[in-house]
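Structural description and commentary
The primary structure of each chain is shown beneath.
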Amino acid sequence: MADREARGGTLVIGGGFAGGYVARCLRKRGATIVSPENSMLYTPLLPEAASGTLEPRHTVVPLRMMCPHAEFVLGRATSIDLERCRVQVETIEGVVNLSYHDLVVALGAVSRTLPIPGLADHALGFKSLADAIHLRNHILRRLEAADAAPNETHRLRELTFVFVGAGYAGVEALAELSDLVRDALKYYPKLQSVPQRWVLVDAAPKILSEIPMRLGDYAAEKLARRGVEIHVETTLDSVEAHAAHLSNGEQILTHTLVWTAGVRAHPLLSQFGLPLDEKGRVIVDETLAVEGHERVWALGDGTRVPNLATPGEFDPPTCQHALRQARRLAKNLQGERKPYRYRMLGQVATLGRYKGIADVMGLRLTGFLGWFVTRTYHLYQLPLLSRKLRVVADWTTSLFFRRDIAELSMLGHPQRLGDA
(Lines give C-alpha, C1' and ligand atoms only; values in the text may rest on other atoms or scores of the structure.)
Protein backbone atom coordinates (compact mmCIF):
# COMPACT_ATOMS: atom_id res chain seq x y z
CA MET A 1 0.00 0.00 0.00
CA ALA A 2 1.60 3.28 -1.17
CA ASP A 3 1.80 6.35 1.08
CA ARG A 4 1.91 9.89 -0.26
CA GLU A 5 1.44 13.42 1.03
CA ALA A 6 -1.09 15.79 -0.47
CA ARG A 7 0.42 18.60 -2.51
CA GLY A 8 0.63 21.80 -0.45
CA GLY A 9 -0.78 19.82 2.49
CA THR A 10 -4.37 20.19 1.21
CA LEU A 11 -6.37 17.13 0.16
CA VAL A 12 -9.68 17.72 -1.62
CA ILE A 13 -12.13 14.80 -1.81
CA GLY A 14 -14.45 15.46 -4.73
CA GLY A 15 -13.84 17.09 -8.09
CA GLY A 16 -17.22 18.74 -8.60
CA PHE A 17 -17.95 22.45 -8.71
CA ALA A 18 -17.12 23.02 -5.04
CA GLY A 19 -14.00 20.86 -4.78
CA GLY A 20 -12.65 21.90 -8.17
CA TYR A 21 -12.94 25.58 -7.38
CA VAL A 22 -11.24 25.22 -3.98
CA ALA A 23 -8.19 23.72 -5.73
CA ARG A 24 -8.37 26.36 -8.46
CA CYS A 25 -8.58 29.23 -5.96
CA LEU A 26 -5.57 27.92 -4.01
CA ARG A 27 -3.50 28.63 -7.14
CA LYS A 28 0.24 28.00 -6.73
CA ARG A 29 -0.12 26.79 -3.15
CA GLY A 30 -1.42 23.59 -4.75
CA ALA A 31 -3.67 20.77 -3.59
CA THR A 32 -4.37 17.12 -4.33
CA ILE A 33 -7.80 16.32 -5.78
CA VAL A 34 -9.31 12.84 -5.43
CA SER A 35 -12.17 12.17 -7.84
CA PRO A 36 -13.53 9.19 -9.81
CA GLU A 37 -13.83 11.47 -12.88
CA ASN A 38 -11.11 13.61 -14.40
CA SER A 39 -13.51 16.42 -15.25
CA MET A 40 -15.99 18.74 -13.56
CA LEU A 41 -19.57 18.83 -14.83
CA TYR A 42 -21.30 22.21 -15.04
CA THR A 43 -24.78 20.88 -14.27
CA PRO A 44 -26.86 23.93 -15.34
CA LEU A 45 -25.92 23.13 -18.96
CA LEU A 46 -27.16 19.51 -18.79
CA PRO A 47 -30.58 20.27 -20.37
CA GLU A 48 -28.89 21.83 -23.40
CA ALA A 49 -26.52 18.86 -23.72
CA ALA A 50 -29.53 16.53 -23.68
CA SER A 51 -31.39 18.53 -26.34
CA GLY A 52 -28.40 18.78 -28.67
CA THR A 53 -27.97 22.55 -28.33
CA LEU A 54 -24.53 21.95 -26.81
CA GLU A 55 -21.88 19.38 -27.62
CA PRO A 56 -21.93 17.14 -24.49
CA ARG A 57 -18.21 17.39 -23.76
CA HIS A 58 -18.45 21.19 -23.72
CA THR A 59 -20.44 20.94 -20.47
CA VAL A 60 -17.48 19.39 -18.66
CA VAL A 61 -14.14 20.95 -17.75
CA PRO A 62 -10.96 18.82 -17.38
CA LEU A 63 -9.72 19.17 -13.80
CA ARG A 64 -6.07 19.13 -14.86
CA MET A 65 -6.71 22.17 -17.07
CA MET A 66 -8.93 23.90 -14.54
CA CYS A 67 -6.45 23.42 -11.67
CA PRO A 68 -2.96 23.46 -13.26
CA HIS A 69 -1.16 23.70 -9.89
CA ALA A 70 -3.05 20.79 -8.32
CA GLU A 71 -2.18 17.11 -8.33
CA PHE A 72 -4.99 14.86 -9.55
CA VAL A 73 -5.65 11.30 -8.32
CA LEU A 74 -8.24 9.29 -10.22
CA GLY A 75 -9.98 7.21 -7.58
CA ARG A 76 -12.47 7.04 -4.72
CA ALA A 77 -11.87 7.86 -1.07
CA THR A 78 -12.99 4.83 0.95
CA SER A 79 -12.10 5.83 4.51
CA ILE A 80 -10.72 8.71 6.56
CA ASP A 81 -8.41 8.27 9.55
CA LEU A 82 -9.05 11.56 11.35
CA GLU A 83 -6.51 10.86 14.11
CA ARG A 84 -3.62 10.09 11.75
CA CYS A 85 -4.73 12.68 9.14
CA ARG A 86 -4.81 10.11 6.37
CA VAL A 87 -7.30 9.10 3.65
CA GLN A 88 -7.41 5.72 1.96
CA VAL A 89 -8.07 5.94 -1.77
CA GLU A 90 -8.87 3.18 -4.25
CA THR A 91 -7.20 3.95 -7.59
CA ILE A 92 -6.84 2.02 -10.83
CA GLU A 93 -3.35 1.00 -9.69
CA GLY A 94 -4.37 -0.13 -6.20
CA VAL A 95 -4.91 1.40 -2.77
CA VAL A 96 -3.09 4.61 -1.84
CA ASN A 97 -2.87 6.36 1.55
CA LEU A 98 -2.81 10.14 1.25
CA SER A 99 -1.77 12.18 4.29
CA TYR A 100 -2.88 15.78 4.72
CA HIS A 101 -2.61 18.88 6.83
CA ASP A 102 -5.99 20.21 5.69
CA LEU A 103 -8.78 17.96 4.45
CA VAL A 104 -11.60 19.37 2.28
CA VAL A 105 -14.69 17.17 1.83
CA ALA A 106 -16.73 18.13 -1.24
CA LEU A 107 -18.48 14.96 -2.38
CA GLY A 108 -21.67 16.74 -3.43
CA ALA A 109 -25.03 15.08 -3.82
CA VAL A 110 -26.82 12.31 -5.69
CA SER A 111 -30.39 12.04 -6.94
CA ARG A 112 -32.96 11.73 -4.18
CA THR A 113 -35.23 8.75 -4.67
CA LEU A 114 -38.29 7.55 -2.79
CA PRO A 115 -39.66 4.03 -2.18
CA ILE A 116 -42.19 4.34 -4.99
CA PRO A 117 -43.19 1.03 -6.64
CA GLY A 118 -41.48 0.68 -10.02
CA LEU A 119 -39.41 3.87 -9.74
CA ALA A 120 -36.01 2.18 -9.72
CA ASP A 121 -36.96 -0.10 -12.62
CA HIS A 122 -38.71 2.28 -14.99
CA ALA A 123 -37.75 5.91 -14.26
CA LEU A 124 -34.91 7.81 -15.95
CA GLY A 125 -32.56 10.02 -13.90
CA PHE A 126 -31.17 13.41 -14.84
CA LYS A 127 -28.11 14.14 -12.69
CA SER A 128 -25.04 13.26 -14.77
CA LEU A 129 -23.86 13.71 -18.34
CA ALA A 130 -24.46 9.99 -18.90
CA ASP A 131 -28.07 10.50 -17.70
CA ALA A 132 -28.52 13.39 -20.14
CA ILE A 133 -27.21 11.42 -23.13
CA HIS A 134 -29.25 8.37 -22.15
CA LEU A 135 -32.42 10.49 -21.90
CA ARG A 136 -31.74 12.07 -25.29
CA ASN A 137 -31.27 8.64 -26.87
CA HIS A 138 -34.39 7.34 -25.17
CA ILE A 139 -36.56 10.17 -26.47
CA LEU A 140 -35.24 9.82 -30.02
CA ARG A 141 -35.97 6.10 -29.80
CA ARG A 142 -39.52 6.93 -28.77
CA LEU A 143 -39.93 8.90 -32.00
CA GLU A 144 -38.74 5.90 -33.98
CA ALA A 145 -41.09 3.63 -32.04
CA ALA A 146 -43.99 6.01 -32.65
CA ASP A 147 -43.19 6.14 -36.36
CA ALA A 148 -43.34 2.33 -36.52
CA ALA A 149 -46.37 1.99 -34.21
CA PRO A 150 -49.37 0.09 -35.66
CA ASN A 151 -52.10 2.39 -34.30
CA GLU A 152 -52.86 5.87 -32.95
CA THR A 153 -53.08 4.75 -29.30
CA HIS A 154 -49.61 3.27 -29.45
CA ARG A 155 -48.23 6.42 -31.12
CA LEU A 156 -49.72 8.66 -28.45
CA ARG A 157 -48.19 6.54 -25.69
CA GLU A 158 -44.76 6.81 -27.30
CA LEU A 159 -45.15 10.60 -27.60
CA THR A 160 -46.15 11.10 -23.94
CA PHE A 161 -43.37 12.33 -21.66
CA VAL A 162 -43.73 12.69 -17.87
CA PHE A 163 -41.32 14.71 -15.70
CA VAL A 164 -41.61 14.36 -11.92
CA GLY A 165 -40.04 17.30 -10.10
CA ALA A 166 -40.66 20.90 -11.15
CA GLY A 167 -37.48 22.53 -9.89
CA TYR A 168 -34.81 23.95 -12.18
CA ALA A 169 -33.72 20.57 -13.54
CA GLY A 170 -37.20 19.32 -14.35
CA VAL A 171 -38.52 22.51 -15.92
CA GLU A 172 -35.41 23.23 -18.00
CA ALA A 173 -35.06 19.62 -19.15
CA LEU A 174 -38.71 19.43 -20.21
CA ALA A 175 -38.50 22.75 -22.07
CA GLU A 176 -35.30 21.85 -23.92
CA LEU A 177 -36.37 18.32 -24.82
CA SER A 178 -39.79 19.42 -26.03
CA ASP A 179 -37.95 21.78 -28.39
CA LEU A 180 -35.82 18.84 -29.55
CA VAL A 181 -38.92 16.76 -30.33
CA ARG A 182 -40.55 19.68 -32.10
CA ASP A 183 -37.49 20.11 -34.33
CA ALA A 184 -37.16 16.37 -34.95
CA LEU A 185 -40.79 15.89 -36.03
CA LYS A 186 -40.02 17.77 -39.22
CA TYR A 187 -38.33 14.55 -40.36
CA TYR A 188 -41.21 12.27 -39.31
CA PRO A 189 -44.09 13.01 -41.72
CA LYS A 190 -46.34 10.32 -40.22
CA LEU A 191 -46.09 11.88 -36.74
CA GLN A 192 -46.75 15.51 -37.53
CA SER A 193 -50.50 15.12 -36.98
CA VAL A 194 -50.09 13.05 -33.80
CA PRO A 195 -50.42 15.14 -30.61
CA GLN A 196 -47.54 15.14 -28.14
CA ARG A 197 -48.20 15.07 -24.42
CA TRP A 198 -45.80 16.65 -21.96
CA VAL A 199 -46.64 16.32 -18.26
CA LEU A 200 -44.94 18.07 -15.30
CA VAL A 201 -45.66 16.77 -11.79
CA ASP A 202 -44.65 18.27 -8.44
CA ALA A 203 -45.71 17.96 -4.82
CA ALA A 204 -45.31 21.72 -4.22
CA PRO A 205 -48.19 24.20 -4.68
CA LYS A 206 -46.44 25.70 -7.76
CA ILE A 207 -43.55 24.98 -10.10
CA LEU A 208 -40.12 26.53 -9.55
CA SER A 209 -40.93 27.16 -5.90
CA GLU A 210 -37.35 28.41 -5.34
CA ILE A 211 -37.88 31.62 -7.32
CA PRO A 212 -40.17 34.68 -6.81
CA MET A 213 -43.84 33.87 -7.37
CA ARG A 214 -44.27 36.20 -10.37
CA LEU A 215 -41.50 34.47 -12.28
CA GLY A 216 -42.79 31.03 -11.34
CA ASP A 217 -46.27 32.00 -12.53
CA TYR A 218 -44.79 33.31 -15.78
CA ALA A 219 -42.96 30.02 -16.33
CA ALA A 220 -46.15 28.05 -15.65
CA GLU A 221 -48.08 30.22 -18.09
CA LYS A 222 -45.50 29.84 -20.87
CA LEU A 223 -45.33 26.08 -20.42
CA ALA A 224 -49.13 25.80 -20.37
CA ARG A 225 -49.33 27.78 -23.63
CA ARG A 226 -47.02 25.19 -25.17
CA GLY A 227 -49.45 22.48 -24.14
CA VAL A 228 -47.61 21.23 -21.06
CA GLU A 229 -49.91 19.68 -18.46
CA ILE A 230 -48.90 20.86 -14.97
CA HIS A 231 -49.98 18.84 -11.94
CA VAL A 232 -49.01 20.60 -8.70
CA GLU A 233 -49.70 19.31 -5.19
CA THR A 234 -49.47 15.90 -6.81
CA THR A 235 -47.09 13.00 -6.25
CA LEU A 236 -46.15 9.87 -8.15
CA ASP A 237 -47.81 6.77 -6.69
CA SER A 238 -46.27 4.08 -8.88
CA VAL A 239 -44.62 3.41 -12.24
CA GLU A 240 -45.05 0.55 -14.66
CA ALA A 241 -43.28 -0.19 -17.93
CA HIS A 242 -46.06 1.54 -19.88
CA ALA A 243 -47.81 3.79 -17.36
CA ALA A 244 -47.42 6.26 -14.52
CA HIS A 245 -49.98 6.52 -11.70
CA LEU A 246 -50.41 9.88 -9.94
CA SER A 247 -51.83 10.64 -6.50
CA ASN A 248 -54.74 12.56 -8.06
CA GLY A 249 -55.98 9.27 -9.53
CA GLU A 250 -54.80 9.87 -13.08
CA GLN A 251 -53.12 7.10 -15.03
CA ILE A 252 -50.83 8.28 -17.83
CA LEU A 253 -49.85 5.83 -20.54
CA THR A 254 -46.19 6.48 -21.31
CA HIS A 255 -42.81 4.89 -21.91
CA THR A 256 -40.96 7.91 -20.54
CA LEU A 257 -40.87 9.05 -16.92
CA VAL A 258 -38.01 11.35 -15.90
CA TRP A 259 -37.26 11.70 -12.18
CA THR A 260 -35.89 15.15 -11.23
CA ALA A 261 -37.31 15.41 -7.72
CA GLY A 262 -34.32 16.81 -5.85
CA VAL A 263 -31.00 15.61 -4.48
CA ARG A 264 -29.59 14.17 -1.26
CA ALA A 265 -26.13 14.17 0.27
CA HIS A 266 -23.69 11.62 -1.10
CA PRO A 267 -24.18 8.32 0.81
CA LEU A 268 -20.40 7.83 1.17
CA LEU A 269 -20.34 10.69 3.69
CA SER A 270 -21.91 8.39 6.29
CA GLN A 271 -18.75 6.20 6.23
CA PHE A 272 -16.27 8.94 7.10
CA GLY A 273 -17.06 9.44 10.79
CA LEU A 274 -17.97 13.11 10.33
CA PRO A 275 -20.90 14.81 12.11
CA LEU A 276 -24.02 14.68 9.92
CA ASP A 277 -27.46 16.25 10.21
CA GLU A 278 -30.76 14.42 9.75
CA LYS A 279 -30.42 14.78 5.95
CA GLY A 280 -26.97 13.18 5.88
CA ARG A 281 -25.14 16.48 5.25
CA VAL A 282 -21.82 17.30 6.91
CA ILE A 283 -22.23 19.86 9.72
CA VAL A 284 -19.86 22.84 9.51
CA ASP A 285 -19.53 26.17 11.33
CA GLU A 286 -19.61 29.61 9.74
CA THR A 287 -15.97 29.28 8.58
CA LEU A 288 -16.77 25.97 6.78
CA ALA A 289 -14.78 23.96 9.36
CA VAL A 290 -16.33 20.60 10.30
CA GLU A 291 -17.70 20.64 13.83
CA GLY A 292 -15.34 19.05 16.34
CA HIS A 293 -12.49 18.42 13.89
CA GLU A 294 -9.48 20.68 13.52
CA ARG A 295 -8.21 21.17 9.96
CA VAL A 296 -11.16 19.33 8.39
CA TRP A 297 -13.44 21.39 6.14
CA ALA A 298 -16.52 20.72 4.02
CA LEU A 299 -18.63 22.56 1.46
CA GLY A 300 -20.98 22.03 -1.47
CA ASP A 301 -24.26 20.18 -1.93
CA GLY A 302 -23.45 17.51 0.67
CA THR A 303 -22.81 20.04 3.44
CA ARG A 304 -25.09 22.02 5.75
CA VAL A 305 -23.52 25.44 5.25
CA PRO A 306 -24.67 28.34 7.48
CA ASN A 307 -24.67 31.72 5.75
CA LEU A 308 -24.31 34.93 7.80
CA ALA A 309 -26.22 36.79 5.07
CA THR A 310 -29.28 34.59 5.70
CA PRO A 311 -29.35 33.87 9.47
CA GLY A 312 -31.19 30.70 10.41
CA GLU A 313 -31.04 29.32 6.87
CA PHE A 314 -28.58 27.04 5.12
CA ASP A 315 -27.29 27.37 1.57
CA PRO A 316 -29.28 25.60 -1.17
CA PRO A 317 -27.46 23.14 -3.49
CA THR A 318 -26.64 25.53 -6.34
CA CYS A 319 -23.49 26.24 -8.34
CA GLN A 320 -23.39 29.91 -7.40
CA HIS A 321 -23.35 29.08 -3.69
CA ALA A 322 -20.73 26.36 -4.15
CA LEU A 323 -18.49 28.83 -5.98
CA ARG A 324 -18.72 31.44 -3.20
CA GLN A 325 -18.14 28.79 -0.54
CA ALA A 326 -15.04 27.63 -2.42
CA ARG A 327 -13.63 31.15 -2.63
CA ARG A 328 -14.14 31.73 1.09
CA LEU A 329 -12.69 28.35 2.04
CA ALA A 330 -9.60 28.87 -0.13
CA LYS A 331 -8.92 32.11 1.75
CA ASN A 332 -9.51 30.43 5.11
CA LEU A 333 -7.04 27.69 4.17
CA GLN A 334 -4.42 30.34 3.46
CA GLY A 335 -4.76 31.99 6.85
CA GLU A 336 -7.45 34.61 6.30
CA ARG A 337 -10.01 32.81 8.44
CA LYS A 338 -13.34 34.61 8.27
CA PRO A 339 -16.98 33.48 8.36
CA TYR A 340 -18.78 32.72 5.11
CA ARG A 341 -21.27 35.34 3.98
CA TYR A 342 -22.95 35.50 0.59
CA ARG A 343 -26.12 37.22 -0.52
CA MET A 344 -27.47 35.56 -3.62
CA LEU A 345 -27.31 37.75 -6.73
CA GLY A 346 -30.38 36.17 -8.24
CA GLN A 347 -31.83 33.11 -9.91
CA VAL A 348 -32.15 32.24 -13.58
CA ALA A 349 -33.72 29.52 -15.71
CA THR A 350 -34.33 28.84 -19.40
CA LEU A 351 -37.68 27.76 -20.82
CA GLY A 352 -36.48 26.53 -24.17
CA ARG A 353 -35.44 28.48 -27.24
CA TYR A 354 -35.33 32.28 -26.69
CA LYS A 355 -37.40 32.11 -23.49
CA GLY A 356 -36.20 32.40 -19.93
CA ILE A 357 -36.71 33.95 -16.51
CA ALA A 358 -34.23 35.82 -14.36
CA ASP A 359 -34.32 37.55 -10.99
CA VAL A 360 -31.10 39.55 -10.78
CA MET A 361 -30.60 41.87 -7.81
CA GLY A 362 -34.34 42.46 -7.57
CA LEU A 363 -34.78 43.05 -11.31
CA ARG A 364 -37.15 40.47 -12.76
CA LEU A 365 -36.76 39.64 -16.44
CA THR A 366 -38.78 37.34 -18.68
CA GLY A 367 -38.89 36.21 -22.30
CA PHE A 368 -35.92 36.82 -24.58
CA LEU A 369 -34.20 39.14 -22.09
CA GLY A 370 -34.51 36.55 -19.33
CA TRP A 371 -33.12 33.90 -21.69
CA PHE A 372 -30.18 36.13 -22.67
CA VAL A 373 -29.33 36.97 -19.05
CA THR A 374 -29.52 33.29 -18.09
CA ARG A 375 -27.07 32.31 -20.81
CA THR A 376 -24.75 35.19 -20.00
CA TYR A 377 -24.71 34.20 -16.33
CA HIS A 378 -23.89 30.56 -17.09
CA LEU A 379 -21.14 31.62 -19.45
CA TYR A 380 -19.65 33.78 -16.69
CA GLN A 381 -19.72 30.90 -14.20
CA LEU A 382 -18.13 28.38 -16.58
CA PRO A 383 -14.35 28.17 -15.98
CA LEU A 384 -11.69 28.31 -18.71
CA LEU A 385 -11.77 30.64 -21.70
CA SER A 386 -11.50 27.67 -24.08
CA ARG A 387 -14.73 26.17 -22.69
CA LYS A 388 -16.52 29.52 -22.84
CA LEU A 389 -15.59 29.93 -26.51
CA ARG A 390 -16.72 26.40 -27.36
CA VAL A 391 -20.09 26.99 -25.69
CA VAL A 392 -20.53 30.34 -27.47
CA ALA A 393 -19.76 28.63 -30.79
CA ASP A 394 -22.42 25.97 -30.06
CA TRP A 395 -24.98 28.59 -29.07
CA THR A 396 -24.25 30.65 -32.16
CA THR A 397 -24.63 27.62 -34.44
CA SER A 398 -27.94 26.73 -32.79
CA LEU A 399 -29.36 30.13 -33.76
CA PHE A 400 -29.26 29.17 -37.42
CA PHE A 401 -29.93 25.42 -37.41
CA ARG A 402 -32.39 23.02 -35.83
CA ARG A 403 -31.20 20.72 -33.09
CA ASP A 404 -29.25 17.67 -34.20
CA ILE A 405 -31.33 14.49 -33.97
CA ALA A 406 -28.54 11.92 -34.21
CA GLU A 407 -28.81 9.21 -31.56
CA LEU A 408 -25.64 8.51 -29.57
CA SER A 409 -26.62 5.06 -28.34
CA MET A 410 -23.14 3.57 -28.84
CA LEU A 411 -21.34 6.39 -27.05
CA GLY A 412 -18.94 4.76 -24.59
CA HIS A 413 -20.01 1.26 -25.66
CA PRO A 414 -17.82 0.25 -28.61
CA GLN A 415 -18.57 -2.90 -30.52
CA ARG A 416 -16.33 -5.82 -29.59
CA LEU A 417 -13.78 -6.92 -32.16
CA GLY A 418 -15.12 -9.76 -34.25
CA ASP A 419 -18.78 -8.93 -33.60
CA ALA A 420 -20.93 -8.45 -36.67
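The structure reproduced in this document is the subject of the present report. (Residues numbered from 1 in each chain as written. Predicted model: local features only at pLDDT ≥ 70, side-chain atom pairs only at ≥ 80, totals over all residues. Heavy atoms only, no water.)

We now examine the overall build of the chain. When helices and strands are counted, the chain shows 11 helices and 25 strands. In terms of principal-axis extent, the alpha carbons of the chain reach across some 65 × 60 × 45 Å. Evaluated residue by residue, the chain yields a buried proportion of 50% over its 420 residues. By sequence separation, contacts in the chain at least 24 residues apart represent 64% of the contacts at least 6 residues apart. Working note: accessible area of the chain is about 19,300 Å², and carbon and sulfur atoms make up 53% of it. A distance of 7 Å separates the average location of the 50 positive side-chain charges in the chain from that of its 45 negative side-chain charges. (Helix = DSSP H or I, 4+ residues; strand = E, 2+ residues; numbered from the N terminus. Buried < 20%, exposed > 50% of the residue type's maximum accessible area, 1.4 Å probe, protein only. Contact = heavy atoms within 4.5 Å. Areas by Shrake-Rupley, 256 points an atom, 1.4 Å probe, with all protein chains shown as cover. Lys, Arg positive; Asp, Glu negative; His and termini not counted. Charge placed at Lys NZ, Arg CZ, Asp CG, Glu CD.)

Spanning 17 residues, helix α7 (residues 168-184) covers 24 Å between terminal C-alpha atoms, matching the ideal 24 Å at 1.5 Å per step. The buried fraction of α7 is high, at 14 of 17 residues. (Expected span 1.5 Å × (residues − 1).)

Taken in spatial order, the three strands line up as β23-β24-β25 in an open sheet, and their pairing is antiparallel. Of all the strands in the sheet, just β23 (346-350) and β25 (363-366) have a single pairing partner and so form its edges. Adjacent strand axes in the sheet meet at a mean angle of 5° when their direction is disregarded. In this sheet, strand β24 (residues 356-360) lies alongside β23 in antiparallel orientation, the contact comprising five bridges. Looking at β24, one finds that A349 is bridged to I357. With respect to the sheet, helix α8 (residues 213-225) is in contact with β24 and β25, its orientation differing from that of β24 by roughly 175°. (Pairing = 2+ DSSP bridges. Axes fitted to C-alpha atoms, helices over the stretch in contact; angles between N-to-C directions.)

Moving on, we come to the sheet that holds strand β13 (residues 197-201). Here we have five strands laid out as an open sheet, ordered β11-β18-β12-β13-β14, and parallel in their pairing. The open sheet has two edge strands with one neighbour each: β11 (124-125) and β14 (228-231). Note that strand β12 (residues 160-164) and strand β18 (residues 256-259) share four bridges and pair parallel. Residue F161 lies in a different strand from β18, and its bridge partner there is T256.

This next bit is on the pairing of β24. On any regular strand, side chains alternate: one points to one face of the sheet, the next to the other face. Counting buried residues along β24, four of its five residues qualify, which places the element largely inside the surrounding structure. In this structure, β24 lies alongside β25, joined through four bridges in antiparallel fashion. Directly across from I357, in β25, lies its bridge partner T366. In this structure, the hairpin formed by β24 and β25 is closed by a connection of two residues, where M361 is found at a positive phi of approximately 50°.

Under the definition given, this model contains one cavity of 30 Å³ or more. Those elements that place two or more of their residues in the lining of the largest cavity are α10 (367-381) and α11 (385-400). Broken down by class, the residue content of the lining of the largest cavity amounts to four nonpolar, two polar and four charged. (1 Å grid on protein atoms, 1.4 Å probe; cavity = no way out; pocket = protein on both sides within 12 Å on 5 of 7 lines; lining within 4 Å. Points joined across faces, edges and corners; volume = space filled by probe spheres on them. Nonpolar A, V, L, I, M, F, W, Y, C, P; charged D, E, K, R; others polar.)

Bringing a nonpolar patch on the surface into the picture now. A surface patch of nonpolar side chains, about 690 Å² in accessible area, is lined by Y354, F368, F372, L399, F400 and F401. One can find F368 in helix α10. (Patch = residues over 30% accessible without salt bridge, like charges linked within 9 Å, V, L, I, M, F, W, Y side chains within 5 Å. Salt bridge = Lys/Arg side-chain N within 4 Å of Asp/Glu carboxyl O.)

Turning our attention to the packing of helix α9 (residues 319-333) against α10. Two elements in contact, α9 and α10, have axes separated by 11 Å at closest approach and are oriented at 30°. Between α9 and α10, the crossing angle belongs to the class labelled roughly parallel. In the crossing of α9 with α10, the sense of the turn from one axis to the other is left-handed. Of the residues in α10, those touching α9 at C319, Q320, L323, R324 and R327 are Y377, Y380 and Q381. Residues of the contact of α9 with α10, tallied by class, amount to four nonpolar, two polar and two charged. (Parallel < 35°, antiparallel > 145°, perpendicular 65-115°, else oblique. Left-handed = near helix turned anticlockwise from the far one by under 90°.)

Mapped onto the fold, W297 is located in strand β21 (residues 296-298). Here the alpha-carbon distance between W297 and D102, two residues 195 residues apart in the chain, equals 7.6 Å. Not counting the four nearest positions on each side in its chain, W297 is found in contact with D102, L103, V104, V105, T287, L288, A289, V290, L329, N332, L333 and R337. A polar contact is formed between the side chain of W297 and the side chain of D102, at a distance of 3.1 Å. (Polar contact = N/O pair within 3.5 Å; in protein donor to acceptor, adjacent residues only side chain to side chain.)

Tallied over the full model, the rule gives 18 salt bridges. In this structure, E71 engages R4 in a salt bridge whose closest nitrogen and oxygen atoms are separated by 2.3 Å. Of this pair, E71 sits in strand β6 (residues 71-81) while R4 sits in strand β1 (residues 2-5), and the two are 67 residues apart along the sequence. A residue is classified by how much of its surface remains accessible, and E71, at 17% relative accessible area, is buried. With a closest N to O distance of 2.8 Å, E48 and R375 form a salt bridge. Taken together, the residues span a long stretch of sequence, with E48 in helix α2 (residues 46-51) and R375 in helix α10 at a distance of 327 residues. Assigned by exposure class, E48 and R375 land together as buried. Each of the salt bridges in this network shares a partner with another, and the network as a whole consists of E176, D179, R182, D183, R226, R353 and R403.

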